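Fold and contact review
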2 protein chains.
Amino acid sequence: MIEWREDVPRWRQVANVIRRRIESGEYRPGRLLSENALMQEFGIARNTARKSIAWLREEKRLIYTRPNLGSFVGPEPEDDEE
Amino acid sequence: MIEWREDVPRWRQVANVIRRRIESGEYRPGRLLSENALMQEFGIARNTARKSIAWLREEKRLIYTRPNLGSFVGPEPEDDEE
DNA sequence: AGATATTTGTTCGTATGTATC
DNA sequence: GGATACATACGAACAAATATC
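Let us look at the structure shown here. Per chain, the residues get numbers from 1 upward, laid out in the order the sequence is written. Each chain is given a letter, starting from A, and each ligand a number, starting from 1, according to the order in which they appear as written. It should be noted that, the model being predicted, local features are given only for residues of pLDDT at least 70 and side-chain atom pairs only at 80 or more, the latter also being counted only at that level, while totals for whole chains, interfaces and linings use all residues. In computing side-chain values, all of the structure's heavy atoms are included and hydrogens and water are not.

Residue and element names in this part refer to chain A. Orientation is described by axes fitted as lines to C-alpha atoms, over the contacting stretch for helices, and by angles from 0 to 180 degrees between their N-to-C directions. Per the convention used, a helix needs a DSSP run of H or I reaching at least four residues, while a strand needs a run of E reaching at least two, with both numbered from the N terminus. At a minimum axis separation of 12 Å, helix α1 (residues 10-23) and helix α2 (residues 35-42) run at an interaxial angle of 110 degrees. By the angle between their axes, α1 is roughly perpendicular relative to α2. Residues Val-14, Val-17, Ile-18 and Arg-21 of α1 pack against Leu-38, Glu-41 and Phe-42 of α2. Any residue outside Ala, Val, Leu, Ile, Met, Phe, Trp, Tyr, Cys, Pro, Asp, Glu, Lys and Arg is labelled polar, Gly included; the first ten of those are nonpolar and the last four are charged. Among the residues making up the contact of α1 with α2, the classes are represented as five nonpolar, no polar and two charged. For this classification, under 35 degrees means roughly parallel, over 145 means roughly antiparallel, 65 to 115 means roughly perpendicular, and everything else is oblique. Note on contacts: a residue pair qualifies if any of its non-hydrogen atoms lie within 4.5 Å across the two residues.

In structure tokens:
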């Protein structure tokens, strides 16, 4: 169970927990970070989970997202298509 | 066609219709209840159909689901494996 | 063996509505 | 009014197992 702080948005608190797990190495590159997993572990709504993931992706660039597949720990892979 | 009520979620209204059919005997034990069938008959999205089925299974225990096969009317069969 | 159809499982993208602060 | 957070509901893509032909 997480004990929510009142002065920080939940999406941000969740993102911080995940960020720490990534930076500590607990979450290895390539690991799946699905919205469902966040919803279940933290007991949050999907919108909230998405906001956490968006922040990790767009602000911290610790993960990348593949539509219909999921979000994965690590830097955005280059699209090396010709 | 179903006339949706505004004050009850669609997934719940669909589940209620199915529940009545099961309890009235219209749907016999063993009958397949596929997501596609619900989508077509009620004009709902797959997610919504899945939520109706999940409720009938997990809350009412009127059906059981076999992955890659479908959901069937009746109690969850015992796994009689040795 | 192989192709096809059916069916569930999982996942993201988007939008709307309600309520609260 | 804006940000947060919940639930609902549409769509879409892909995987995997099963059944049939």
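From this point, the discussion proceeds with the structure in view.
Residues and elements named next belong to chain B. Despite not being glycine, Arg-61 has its phi angle at roughly 55 degrees, a positive value. If you trace the backbone, Arg-61 turns up in the loop between α3 (46-58) and β1 (63-66). Within the chain, Asn-68 stands out as a residue other than glycine whose phi angle is a positive 70 degrees. Within the element layout of this structure, Asn-68 appears in the loop between β1 and β2 (70-73).

Attention now moves to helix α3 (residues 46-58) of chain A. Residues and elements named next belong to chain A. For α3, spanning 13 residues, the distance from its first C-alpha to its last is 18 Å, which sits close to the expected 18 Å at 1.5 Å a residue. All buried positions along α3 are accounted for by Ala-49, Ser-52, Ile-53, Ala-54, Trp-55 and Leu-56. The secondary structure elements touched by the buried residues of α3 are α1, α2, β1 (63-66) and β2 (70-73). Helix span, expected: 1.5 Å multiplied by one less than the number of residues in the helix. For each residue, the accessible area found with a 1.4 Å probe, counting protein chains only, is set against the maximum for its type, and the residue is called buried under 20%, exposed over 50%, and partly exposed in between.

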